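# Descriptive structure summary
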Amino acid sequence: LIPNSKHCITIPLSLEPISLLTFLTIIYQKNNQHPTTMDKLHYEGTPLSILLQRAAKLKSSETSQLRSTYDSFPPFYQNSICPRQEVEVARSLPHFEERMAAAAKMKEEGNEAFGKGCWEEALTKYEMASAVFRYLRNGNPEWRTQGIRDNDIDQI
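We now turn to the structure provided with this report. (Residues numbered from 1 in each chain as written. Predicted model: local features only at pLDDT ≥ 70, side-chain atom pairs only at ≥ 80, totals over all residues. Heavy atoms only, no water.)

## Here we look at the overall build of the protein
In terms of helices and strands, the protein carries eight helices and four strands. Taken from the N to the C terminus, the helices and strands of the protein come in the order α-β-β-α-α-α-α-α-α-β-α-β. Counting every position in the protein, which comprises 156 residues, the buried fraction comes to 35%. A separation of at least 24 residues holds for 51% of the contacts in the protein among residues at least 6 apart in sequence. Entry remark: accessible area of the protein is about 10,200 Å², with carbon and sulfur atoms responsible for 54%. (Helix = DSSP H or I, 4+ residues; strand = E, 2+ residues; numbered from the N terminus. Buried < 20%, exposed > 50% of the residue type's maximum accessible area, 1.4 Å probe, protein only. Contact = heavy atoms within 4.5 Å. Areas by Shrake-Rupley, 256 points an atom, 1.4 Å probe, with all protein chains shown as cover.)

Structural data, given as structure tokens:
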């Protein structure tokens, strides 16, 4: 792996795919790479972005039998399993009216983004608003390294 062609880092080949993904992400973050420069990082001629995609795809295929229900959910519902802090704060508000106001604010931010033609930002805000009330929770604290399994997921 050669970030900016200045440093050489050895990657242990014995790493499991998810560990390799984690390892490569750490390397990426430690080198303060901006996402647009990710393809400047290579291992044996392959861009880091391609290696990360392959590692994620391999891990997904390994765990796909354990998460068929999760995979059947629409993307907005799948995305609710890993909420942004703003959504977690809204979920924790004690009164329904407060949660509703927080969700309405997110929806309005989505409307503003939509009006500006910022489709991805709008979609994210709409997903966040929805996820205040209807979401998935993973009961396995190690799910980020072990993968998503149907048996660990609760629908809220």
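Next comes the rest of the account.
## A word on the environment of S64
Take S64: it is sitting in the loop between α2 (48–63) and α3 (68–72). Each C-alpha atom, one on S64 and one on G147, is 9.3 Å from the other, the two residues being 83 residues apart in sequence.

## With respect to the layout of surface pockets
Of the volumes computed, that of the second largest pocket is approximately 200 Å³. Along the walls of the second largest pocket sit Y70, Q78, N79, I81, C82, W143, R144 and I148, which together make up its complete lining. Elements with a contribution of two residues or more to the lining of the second largest pocket: α4 (75–79) and α8 (143–146). Its residues placed into classes, the lining of the second largest pocket shows five nonpolar, two polar and one charged. (1 Å grid on protein atoms, 1.4 Å probe; cavity = no way out; pocket = protein on both sides within 12 Å on 5 of 7 lines; lining within 4 Å. Points joined across faces, edges and corners; volume = space filled by probe spheres on them. Nonpolar A, V, L, I, M, F, W, Y, C, P; charged D, E, K, R; others polar.)

## Focus on helix α7 (residues 119–131)
Between its first and last C-alpha, α7 extends 18 Å over 13 residues, near the 18 Å set by a 1.5 Å rise per residue. Of all the positions in α7, only A122, K125, E127, M128, A129 and A131 are classed as buried. Among the structural elements, α4, α5 (85–91) and α6 (96–115) are those in contact with the buried residues of α7. (Expected span 1.5 Å × (residues − 1).)

## Points about the pattern of salt bridges
In the structure shown here, the tally under the stated rule is five salt bridges. With a shortest N-O distance of 3.0 Å, R67 and D71 are connected by a salt bridge. Across the pair E109 and K125 runs a salt bridge whose closest N-O atoms are separated by 2.8 Å. Taken as a pair, E109 in helix α6 and K125 in helix α7 lie far apart in primary sequence, 16 residues in all. Grouping residues by exposure puts E109 and K125 together as buried. Salt bridges sharing common partners tie together E86, K105, E109 and K125. (Salt bridge = Lys/Arg side-chain N within 4 Å of Asp/Glu carboxyl O.)

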